[in-house]
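Structural characterization, general
Here is what each chain is made of, one letter per residue.
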Amino acid sequence: HTHTHTHTHTAHQSSLTQFMVRGALRPSVLVVSKVAGIRQAFEARALAGTWLVWTDPTDTVLKSCEVLVGEPSDLESLVGRCPKLRWVQSTFAGCNQLLRQPRRDFTVTRLAGSFGPDMAEYSMLHMLVLERQYERQRVLQRQ
């Protein structure tokens, strides 16, 4: 009854695929994520069907939901409304918001490890902006 964490995006894909094919009946999955391109990413991996719901979380949908996918801040208030919940997939690396709610009878996985190249690029560009005094140079060019 503790939260578990998957540390790589590849592990997430593998565990999602294993979870989906484990039984003949697929679990009810509700995706409430606002991440751009997430629907296309699911479809590219053949993760589509009537068992996968892309809608606002109504009480009817939440009562049958076994898997929630989305940002922790959005999922925090939904967890308690999903009596069949077995798994929460965070679209962020951090999921501390989920610790504020009392339930502990489901697994939580996160996208840690999938943003390394993007964060490295951002960090390098930010250092370049600071080193080359980008803002100062931009002001001087406008004068």
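That block above? That's the structure.
Residues numbered from 1 in each chain as written. Predicted model: local features only at pLDDT ≥ 70, side-chain atom pairs only at ≥ 80, totals over all residues. Heavy atoms only, no water.

**Describing the environment of Leu99**
With respect to the secondary-structure elements, Leu99 resides in the loop between strand E4 (87–90) and strand E5 (107–109). The sequence separation of Leu99 and Pro72 amounts to 27 residues, and the corresponding C-alpha distance is 9.6 Å. (Helix = DSSP H or I, 4+ residues; strand = E, 2+ residues; numbered from the N terminus.)

**Concerning the sheet that holds E4**
Read across the open sheet, the five strands follow the order E2-E1-E3-E4-E5; overall the sheet is parallel. The open sheet has two edge strands with one neighbour each: strand E2 (52–53) and E5. One ladder, built from two bridges, connects strand E1 (residues 29–31) with E2; its direction is parallel. By the bridge assignment, Val29 is partnered in E2 with Leu52. Across the sheet, helix H4 (residues 72–79) lies against strand E3 (67–70) and E4, angled at about 150 degrees from E3, the strand it touches most. (Pairing = 2+ DSSP bridges. Contact = heavy atoms within 4.5 Å. Axes fitted to C-alpha atoms, helices over the stretch in contact; angles between N-to-C directions.)

**As for the state of the cysteines**
Overall, the coordinates contain zero disulfides when judged by the stated rule. Unpaired in terms of disulfides, Cys82 finds its nearest cysteine sulfur in Cys65, a separation of 4.4 Å. (Disulfide = S-S within 2.5 Å.)

**Topic: the pattern of salt bridges**
Pairing is possible between side chains of opposite charge, provided their charged atoms come close. This structure, assessed with the given rule, holds seven salt bridges. When the shortest N-O distance is used, the salt bridge between Lys34 and Asp74 registers 2.5 Å. Of this pair, Lys34 sits in the loop between E1 and helix H2 (38–44) while Asp74 sits in helix H4, and the two are 40 residues apart along the sequence. For the salt bridge of Arg81 with Asp59, the shortest nitrogen-to-oxygen distance reads 2.8 Å. Placement of the pair is Arg81 in the loop between H4 and E4 and Asp59 in helix H3 (residues 59–64), with a sequence separation of 22 residues. According to the relative accessible area criterion, Asp59 is partly exposed, its value standing at 45%. (Salt bridge = Lys/Arg side-chain N within 4 Å of Asp/Glu carboxyl O. Buried < 20%, exposed > 50% of the residue type's maximum accessible area, 1.4 Å probe, protein only.)

**Considerations on the pairing of E4**
Neither face of E4 is left uncovered, since the one carrying Trp87 and Gln89 and the one carrying Val88 and Ser90 both have all their residues buried. Sheet topology places E3 next to E4; four bridges connect them, and they run parallel. Paired with Gly70 across the two strands is Ser90, which belongs to E4. As defined by bridge partners, E4 adjoins E5 across three bridges and the pair is classed as parallel.

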